[in-house]
Amino acid sequence: MKYVKLNDEVRVPVIGLGTWKANPGEVYQAIRWAIKLGYQHIDCAPIYGNEKEIGQALHDAMSEGDIRREDLFVVSKLWNDSHAEEDVLPALQQTLNDLQLDYLDLYLVHWPVAQRKGTVLPEVAEDMISLRELPLEITWAGMEQAQKKGLAKSIGVSNFGQKNLQNLIEKAEIVPAMNQIENHPLLQQNDLIDFCHKNMIAVTAYSPLGSGMHDGDRNLIENPVLKEIADRLNATTAQVMLAWQIARGVVSIPKSIHMERIKENFAAQNFELDDEDMKKIASLDEGYRFVDGSAFAKGDYSTGSIFA
Ligand SMILES: NC(=O)c1ccc[n+]([C@@H]2O[C@H](COP(=O)([O-])OP(=O)(O)OC[C@H]3O[C@@H](n4cnc5c(N)ncnc54)[C@H](OP(=O)(O)O)[C@@H]3O)[C@@H](O)[C@H]2O)c1
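Counting of residues starts from 1 at the beginning of each chain's written sequence and follows it residue by residue. The model is predicted, so local features are restricted to residues of pLDDT at least 70 and side-chain atom pairs to those at 80 or more, both for listing and for counting; the totals for chains, interfaces and linings are taken over all residues. Only heavy atoms go into the side-chain values, all of them from the structure, while hydrogens and water stay out.

A look at the site of the ligand
By nearness alone, 29 residues border the ligand, and Asp43, Leu209, Ser211, Ser256 and Arg261 come closest of all. Contacts described as polar in this section are N or O atom pairs within 3.5 Å, which, within protein, must combine one atom able to donate a hydrogen with one able to accept it, while residues neighboring in sequence count only if both atoms come from side chains. In the environment of the ligand, an oxygen atom lies 3.2 Å from a nitrogen or oxygen atom belonging to the backbone of Pro208. Accessible surface area values rest on a Shrake-Rupley calculation with a 1.4 Å probe, where residue burial reflects the displayed protein chains alone. Summarising the interface, the protein chains cover 91% of the accessible area of the ligand, which totals 900 Å² for the free molecule. Only DSSP runs of H or I covering at least 4 residues are called helices, and only runs of E covering at least 2 are called strands; the numbering of each starts at the N terminus. The biggest single contributor to the shell around the ligand is helix H9 (residues 259-266), with 3 residues. Three classes are used, and their members are as follows: Ala, Val, Leu, Ile, Met, Phe, Trp, Tyr, Cys and Pro are nonpolar, Asp, Glu, Lys and Arg are charged, and the others, Gly among them, are polar. Grouping the constituent residues of the shell around the ligand by class yields 11 nonpolar, 13 polar and 5 charged. One heavy atom within 4 Å of a molecule or strand makes the whole residue count as near it.

Below, the structure is given as structure tokens:
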């Protein structure tokens, strides 16, 4: 197993299992397979609507001796409607109850946007709260409390750009340990990753395979440049994308509910790319987002400002 070290010396397994769109009824089996295949790192969020079933799978995996709690690395995220400082701990406690855990290994602020309490996804501008009214450092103070209480071993953020990160670093007592961002060959975000690494913030790539989305020719699994590299290495295009992230020091959390793919993605750790392959993949960058944040582009927020 390969790891990336956080600024608090905690080690994160470089391949984790994503669980967005892994529905109740599917996700239990996916987690059980993943753990049996050697996965330690599981990426969750209450907005995915499946934390109770994941909790059952984690409980059963531990009680049947497949893994010990100290070898698991469980991540979850604070939803946007709980950004008020006093709402952070209750939201975290709900996630812990659902996951049947006493602590998380990493707790992330899911998006740098705030919504009115109780809104799942915003429908109108009034569902949003501006960052002037509820600044991210207020939310972060709640996150710091969570870490101090031992409810989250490490704390971090997600979907934060350089401006939001810089602002937070200046005001925070604890520097975020992680920034989880969309990252794949079409959206490489090199400047943001350099900024994070210089500031001792580790990076996790979400949607590392392109999220199963296709937009015309933008189908990463079928990409001819990745296929050529994969065929030469006797790998798959998914494995090439994940090996590329490992080579850049970035953690990945590919989602699958199929055992063969869960296994295939984990085995990406066994492949190494040479400089030529790295250059070929670098040339694929288009700055293209599959997850564009438009769901939150209401009121004071625009897609540009969210990722600033
Ligand atoms: N922080 C955030 O805002 C945020 C946003 C998005 C995602 N995430 C996290 O990141 C995780 C991963 O991102 P994602 O789910 O968007 O996309 P992804 O992992 O890039 O892609 C998942 C899609 O690829 C398919 N797939 C998986 N392995 C494959 C393989 N080896 N070959 C071909 N197809 C394969 C999956 O299908 P099957 O399941 O049918 O195999 C699914 O359709 C999420 O699950 C979630 O945990 C976080």
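Digging into the pattern of salt bridges
The rule for a salt bridge is simple: a side-chain nitrogen of Lys or Arg has to be within 4 Å of a carboxyl oxygen of Asp or Glu. On inspection of all chains with the given rule, the structure shows 19 salt bridges. The shortest N-O distance in the salt bridge between Glu222 and Lys227 comes to 3.0 Å. Burial status follows relative accessibility: with a 1.4 Å probe on protein chains alone, a residue under 20% of its type maximum counts as buried, one over 50% as exposed, and anything between as partly exposed. For Glu222, a relative accessible area of 45% corresponds to the partly exposed category.

Some points on the pairing of strand E5 (residues 73-78)
With 6 of 6 residues buried, E5 is to be regarded as a mostly interior element. Strands qualify as paired when DSSP identifies two bridges or more between them. Two elements, strand E4 (residues 41-43) and E5, share 3 bridges in a ladder whose sense is parallel. Across the sheet, residue His41 finds its bridge partner in E5, namely Phe73. In this fold, the crossover linking E4 to E5 by way of helix H2 (residues 51-63) has right-handed handedness. Direction of pairing for E5 relative to strand E6 (residues 104-109): parallel, over a ladder of 4 bridges. Crossover handedness is defined by viewing with both strands directed away from the observer: a clockwise path from the first strand over the helix to the second marks the crossover as right-handed.

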